[in-house]
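Here is what each chain is made of, one letter per residue.
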Amino acid sequence: MALKSYKAPLSFFPSGGFTPPIGHRDPRPESDARLAPPRVRVWGPFPRWQEPPGCLGGSVSVSGTRIRKWPLRGLFLSPAAVAVRRGRTVMAAVAANVAAAAEDREPQRENVPGLESQRRQIENGESGRERPLRAGESWFLVEQHWYKQWEVYVQGGDQDSSTFPGCINNADLFEDQVNWRLKKGLVEGEDYVLLPAAAWHYLVDWYGLEHGQPPIERKVVELPSVQKVEVYPVELLLVRHSDMDTPHIAQFSHTDSVDLVLRTAREQFLVSPQEETRLWIKNAEGSFERLCNTRVTLLDAALKTGQVVIMETRNKDGTWPSAQPQAVNTALEEDEEFQGQPGICGLTNLGNTCFMNSALQCLSNVPQLTEYFLKNHYLEELNFCNPLGMKGEIAEAYADLVKQAWSGHHRSIVPHVFKTKVGHFASQFLGYQQHDSQELLSFLLDGLHEDLNRVKKKEYVELCDAAGRPDQEVAQEAWQNHKRRNDSVIVDTFHGLFKSTLVCPDCGNVSVTFDPFCYLSVPLPVSHKRVMEVFFVSMDPRRKPEQHRLVVPKKGKISDLCVALAKHTGMSPERMMVADVFSHRFYKIYQLEESLSSILDRDDIFIYEVSGRSAIGENSREDVVLPIYLRERTPARDYNNSYYGLMLFGHPLLVSVPRDRLSWDALYHILLYRLSRYVTRPSSDDEDDGDEKDMEDKDSMPKPGHVAGGSSQDSGPEQAGPSSGVAGGSRAPVDSSPGPSHWPQRARRKHLFTLQTVNSNGTSDRSTFNEDTHAQPYIAIDWEPEMKKRYYDEVEAEGYVKHDCVGYVLKKAPVRLQECIELFTTVETLEKENPWYCPTCKQHQLATKKLDLWMLPETLIIHLKRFSYTKFSREKLDTLVEFPIRDLDFSEFVIKPQNESAPELYKYDLIAVSNHYGGLRDGHYTTFACNKDSGQWHYFDDNSVSPVTENQIESKAAYVLFYQRQDVARRLQPQPGVAEPPASPACGPPPNSEFMDVN
């Protein structure tokens, strides 16, 4: 391998004579020896194109005398062959400078050791080839035949022997004499031998190296469980992403880092230090793979000779060329010309991803975190081997988003890659369902922390209780233990410290621990009242059902609901029955002592007026309450069209029936009266027509069954029992309800509908089920389609009126954020599902727990717990929380001894708010954020961004608050003395929840 320039020793003979080196006999006659002038040894510079002509090999004729060549240190020249530049020899150029010194100097001959000494130095000893390998040191390849010849020469013991090997010649090891690449498949011991650096230099000093041949130097690398001389380094083809057809060949050791490859590529392609680059490799099948971890070796990265490595340079708009599909090239060109305020960039909604956009916009406007990514500090701290992390992929995906948003070249960006990464590592966020922005924020902060954790190997840390020690000591120990396992920019920015105090209710044992936190989830003061909407159904058939909005105790009972309704209707609570109606049937009929917590807000609750003497399941009462369903016959297509299906419709009823009127005919007329508001009674002509038609079609109509409790005689139309709803009829079931032991016979006149006892679902005859004999009887009113169409008014049946109380809204007084924090630090008793194990009592206890703030982070995230979930209910609290924009003072909440000289350590300013509009089932997330560069507040609604004023930020939608400590804000400001820029006029307030689009 030719060098660009070098210095080589020359043997200069002014008069053309020469003196053989020590150890070599001059074969000339004695008379000629006197002609040899003193030898002068000088150093001469040679440019690359002035390479010396070669080693004195074989025999050279000088002044008619043939001599054997001898080695000189370094490169070797024949006196008759020197490099010429511009017609003037180098020898002539240096002759004048060394002539005087040559006259005053004694001849200095080379000290070449004896052959046995040479053998010992090369074969044995610390410098010999038998020495063990050491990682990182250099070894050299020597052609096997030359080395064997040398061994024969030194073993012979005769320096004048014809076995003299001459200059070291490795020509047989190279493929060509231009690039000096080694032949493939060379085998140690057959093609070459390996010598340590010292031994190699000895041989070169004594024998020289063939002209033009580069030394074959190789490094010792430490592979898993073995050390080895790396004869064949890795040859990679380096290309740029923008020019894949012009490769640059570079050699690397297997133990070199991928970072060295990146630096080599940057140097080769003249990339400026300000530009960000990354590497890809092209696999054998033609696919491309990112080289994410540049700290691993080429061996660990499985890079092989001949592999193509592509260097990609980030665009000025923050995107990567490889990440942009061809379809958006035009849009990219337009964005390149756009120059806006960095950070004022929307995020496209990919489908119910407003929760993600809101969380990302909040984090993007945390100044110190954004600067950390913009200045590429994250590249040095990516943790690819953390088993709790995401292999650096979440951090890199988030960094790409930040760089794009803060490039100033985008009005909005599409976070598709980030969404895919999140779904890959957190399956709960797969797909496009609506989620909670705070849940995503929690995952993202934890993922970024683990991906950027500076602790590569987490040590085991045992948690210690205070055991009576001072709080200061215990807190410092807890924080140090936390930092021993968790040390990242997320910890530096968002982590604080709690003091947790647990007290056993039995033995009084007190346990004090200090625990880190990433955000505060503070409760909202909850009202003890609850608003419930119900429908009241009066016994008066002329009155439509009334919708009421009632205020009841949250932990009240069903009886409280009846009492509240009684205040609106004047009806006694004893004459009310409460039922949950679902899908035209009774889902549940409540008892007065049951809890209201079992009723959800989405349930349809009906309260029925019944007679004061009525009850279900009490034989002592004079009236019986019967649940009534409405059904319609629907002919089903069968092979003989003989099967009739039944379908529930309308609202069910609870009807009080006197015990002495429990007959089919009496019940029919009672129900006809209760339905009279929307069921028209037939005229006498209609009844006669109906009777005649009934007589004519009696064979085709379903035959009535026997009377309950009656004889087994055949029954005709005059002895009609309730129809079963199937062809051929069936026997009426034995009635298990309180009341008479049988149902009397039905009247002869044609009825509008038939009656049937059914199960609680209203779908089948009770006789086909083995139900409890004391189960509640249910009666179904079955309509023929024609009769229903003719006499049943569906519009009127569905009608209802709203009571004046429906317009009532439970007024909620605004709550100060400080009140929520006080609630957070209030003593509470643990729930049964989460007891504490007392080490003194040796059992789980429902201890009292108190949390106190010990140390607060630079950026404090406060999560307002607006969503309440219990076993029976879910609700969103739309209480207005009043929070300050500036000077939120935590000095009264932090119990750690405070530094009075630095009050800014406890004061915070608002920098971002995540908003949630809507309810539990649907909603929309947006963000208010303050730009770190301009100080202007903006409203981020997916890909739409608009400026706002500070008085528009506070609303009932505020969900997650981001506060920054004032000392941090001052530290980050480039010019602390400059006054805060005034907020620009808002372009209009953000849309309120009533007019906002929801996902």
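Residues numbered from 1 in each chain as written. Predicted model: local features only at pLDDT ≥ 70, side-chain atom pairs only at ≥ 80, totals over all residues. Heavy atoms only, no water.

K.L.:
Help me understand the overall build of the protein chain, please; the structure alone is not making it clear to me.
P.N.:
Scanning the protein chain for helices and strands turns up 21 helices and 46 strands. Classification of the 999 residues of the protein chain by burial places 47% in the buried group. For the protein chain, restricting intrachain contacts to residue pairs at least 6 apart in sequence, the fraction spanning at least 24 positions comes to 71%. (Helix = DSSP H or I, 4+ residues; strand = E, 2+ residues; numbered from the N terminus. Buried < 20%, exposed > 50% of the residue type's maximum accessible area, 1.4 Å probe, protein only. Contact = heavy atoms within 4.5 Å.)

K.L.:
Would you explain the confidence of the model for the protein chain in this entry?
P.N.:
Regions with low pLDDT carry predicted coordinates that are not meant to be interpreted in detail. Of the residues in the protein chain, 75% reach a pLDDT of 70 or more, and the chain-wide mean stands at 77. Between residues 1-109, whose pLDDT stays under 50, and residues either more than four places distant or in other chains, the model counts 166 contacts. Counted against residues more than four places away or in other chains, residues 976-999, with its pLDDT under 50, gives 40 contacts. (pLDDT = per-residue confidence, 0-100.)

K.L.:
Can you help me understand a nonpolar patch on the surface in this one?
P.N.:
On the surface, Val-531, Val-551 and Tyr-808 cluster together into a nonpolar patch covering about 210 Å² of accessible area. In this structure, Val-551 sits in strand β22 (residues 546-553). Looking at Val-551, the relative accessible area reads 31%, which means it is partly exposed. (Patch = residues over 30% accessible without salt bridge, like charges linked within 9 Å, V, L, I, M, F, W, Y side chains within 5 Å. Areas by Shrake-Rupley, 256 points an atom, 1.4 Å probe, with all protein chains shown as cover. Salt bridge = Lys/Arg side-chain N within 4 Å of Asp/Glu carboxyl O.)

K.L.:
When you look at empty space enclosed by the protein in this model, what are you seeing that I'm missing?
P.N.:
A water-sized probe, rolled over the atoms, reveals where empty space remains. With the rule as written, the count across this model stands at eight cavities of 30 Å³ or more. Considered as a void within the structure, the largest cavity measures approximately 200 Å³ in volume. What lines the largest cavity is a set of 18 residues, and nearest its centre among them are Val-537, Pro-545, Leu-653, Arg-677 and Tyr-678. Listed by contribution, the elements that provide at least two residues to the lining of the largest cavity are β25 (605-609) and β28 (644-658). Ranked by residue count, the leading element in the lining of the largest cavity is β28, at four residues. For the lining of the largest cavity, the class distribution of residues is 10 nonpolar, three polar and five charged. Taken as a whole, the second largest cavity spans an internal volume of roughly 80 Å³. Surrounding the second largest cavity, Cys-345, Leu-347, Leu-360, Gln-361, Ser-364, Tyr-398, Leu-401, Val-402, Ala-405 and Ile-413 form its lining. Of all elements in the fold, only α8 (354-364) and α10 (393-405) reach the threshold of two or more residues within the lining of the second largest cavity. Here the element with the most residues in the lining of the second largest cavity is α10; it accounts for four residues. Considered class by class, the residues forming the lining of the second largest cavity number eight nonpolar, two polar and no charged. (1 Å grid on protein atoms, 1.4 Å probe; cavity = no way out; pocket = protein on both sides within 12 Å on 5 of 7 lines; lining within 4 Å. Points joined across faces, edges and corners; volume = space filled by probe spheres on them. Nonpolar A, V, L, I, M, F, W, Y, C, P; charged D, E, K, R; others polar.)

K.L.:
What am I meant to see in the side chain of Arg-530 here?
P.N.:
Following the sequence through the fold, Arg-530 ends up in strand β21 (residues 529-537). Accessibility expressed as a relative area gives 11% for Arg-530, which makes it buried. A distance of 3.2 Å separates a polar atom in the side chain of Arg-530 from a polar atom in the side chain of Asp-601. In this structure Arg-530 touches Leu-550, Val-551, Val-552, Lys-554, Leu-596, Ser-597, Ile-599, Leu-600 and Asp-601, once residues within four positions along its chain are discounted. (Polar contact = N/O pair within 3.5 Å; in protein donor to acceptor, adjacent residues only side chain to side chain.)

K.L.:
Would you mind showing me how to read the pairing of strand β36 (residues 848-855) here?
P.N.:
Along any regular strand, the residues point their side chains to alternate faces of the sheet. The pairing of strand β18 (residues 496-503) with β36 spans seven bridges and is classified as antiparallel. Note that in β36 the partner of Val-503 across the bridge is Thr-848. Here two bridges tie strand β33 (residues 828-829) to β36, and the two strands are oriented antiparallel to one another. When the bridges of β36 are listed, Thr-829 appears paired with Thr-848. (Pairing = 2+ DSSP bridges.)

K.L.:
It is not clear to me how the environment of Arg-602 should be interpreted in this structure. Could you clarify?
P.N.:
Along the chain, Arg-602 turns up in the loop between β24 (585-589) and β25. In this structure, the C-alpha to C-alpha distance between Arg-602 and Met-532, residues 70 residues apart in sequence, is 9.6 Å.

K.L.:
In this structure, what is going on with the pattern of salt bridges? I would like to understand it.
P.N.:
Oppositely charged side chains can pair when the atoms bearing their charge come close. Overall, the coordinates contain 43 salt bridges when judged by the stated rule. The partner of Lys-499 in a salt bridge is Asp-471, with the nearest N and O atoms 2.7 Å apart. With Lys-499 in strand β18 and Asp-471 in helix α13 (residues 471-485), the pair connects residues that are 28 residues apart, well separated along the chain. Judged by its relative accessible area of 24%, Asp-471 falls in the partly exposed class. In this structure, a network of salt bridges that share partners links the residues Glu-381, Arg-454, Lys-483, Asp-487 and Asp-492.

K.L.:
Would you explain the packing of aromatic side chains in this entry?
P.N.:
Each aromatic ring pair is specified by the distance between its two centres and by the angle formed by the two planes. Considering all chains together, one arrives at 33 aromatic pairs under this definition. With a centroid separation of 5.4 Å and 5° between ring planes, the pair formed by Tyr-202 and Trp-206 is classed as stacked. On the criterion of helical spacing, the pair formed by Tyr-202 and Trp-206 is a turn pair, its members being four residues apart in helix α5 (residues 197-207). Taken together through their ring pairs, the aromatic side chains of Phe-535, Phe-586, Phe-606, Tyr-608, Tyr-629, Tyr-778 and Tyr-800 make up a single cluster. (Phe/Tyr/Trp six-rings, centres within 6.5 Å; stacked < 30°, edge-to-face > 60°.)

K.L.:
Looking at this structure, how should I read the nonpolar core?
P.N.:
In a soluble, globular protein the nonpolar side chains are often hidden away together inside. Ranked by internal contacts, the top residues of the largest apolar core, which has 52 residues, are Leu-363, Phe-373 and Phe-962. The dominant element in this core, judged by the number of residues it contributes, is α10, at eight residues. In contact with Phe-962, not counting residues within four places along its chain, are Cys-362, Leu-363, Val-366, Leu-441, Leu-860, Ile-861, Asp-909, Leu-910, Ile-911 and Ala-912. (Core = buried A, V, L, I, M, F, W, Y, C linked by side-chain atoms within 4.5 Å.)

K.L.:
Which parts of the structure should I look at to understand the sheet that holds strand β19 (residues 510-517)?
P.N.:
Within a sheet, adjacent strands bond to each other through the backbone by hydrogen bonds, running parallel or antiparallel. Spatially, four strands are ordered β19-β18-β36-β33 in an open sheet, and the strand pairing comes out antiparallel. At either end of the open sheet lies a strand with only one pairing partner, and these are β19 and β33. Taken strand by strand, α13 contacts β18, β19 and β36, and its axis lies near 40° from that of β19. (Axes fitted to C-alpha atoms, helices over the stretch in contact; angles between N-to-C directions.)

K.L.:
Help me understand the sheet that holds strand β31 (residues 801-802) in this model?
P.N.:
Sheet architecture is open: six strands sit in the order β24-β23-β25-β21-β22-β31, paired in mixed fashion. Where the open sheet ends on each side, the last strands, each with one partner, are β24 and β31. Pairing between β22 and β31: two bridges, direction parallel. Residue pairing across strands places Glu-546 opposite Val-801, the latter belonging to β31. The sheet strands contacting helix α15 (residues 558-569) are β21, β22, β23 (576-582) and β25, and the helix crosses β22 at an angle near 125°.

K.L.:
Teacher, can you tell me more about the pairing of strand β43 (residues 923-930) here?
P.N.:
Across the eight residues of β43, eight count as buried, placing the element largely inside the fold. In β43, alternate side chains face the same way, and those of Gly-923, Tyr-925, Thr-927 and Ala-929 on one face and His-924, Thr-926, Phe-928 and Cys-930 on the other are all buried. Judged from the seven bridges that link them, strand β42 (residues 907-918) and β43 form a sheet pairing that is antiparallel. Bridge pairing in β43 links His-916 to Tyr-925. Between β42 and the antiparallel strand that follows it, β43, lie four residues. Here four bridges tie β43 to strand β44 (residues 937-941), and the two strands are oriented antiparallel to one another. Looking at the pairing, Ala-929 lines up with His-938 of β44. Hairpin connection, β43 to β44: the antiparallel pair is bridged by six residues, and Gly-935 has positive phi, about 75°.

K.L.:
Can you walk me through helix α12 (residues 437-451) in this structure?
P.N.:
Given 3.6 residues per turn, any residue in an α-helix points the same way as the ones three and four places further on. In this model α12 runs 21 Å from its N-terminal to its C-terminal C-alpha over 15 residues, within 8% of the 21 Å that 1.5 Å per residue would give. Most of α12 is tucked away: 12 of the 15 residues are buried. Taken together, the buried positions of α12 are Ser-437, Gln-438, Leu-440, Leu-441, Phe-443, Leu-444, Leu-445, Gly-447, Leu-448, His-449, Glu-450 and Asp-451. At the N-terminal boundary of α12, the capping side chain belongs to Asp-436, with an oxygen 2.7 Å from the backbone nitrogen of Gln-438. (Expected span 1.5 Å × (residues − 1).)

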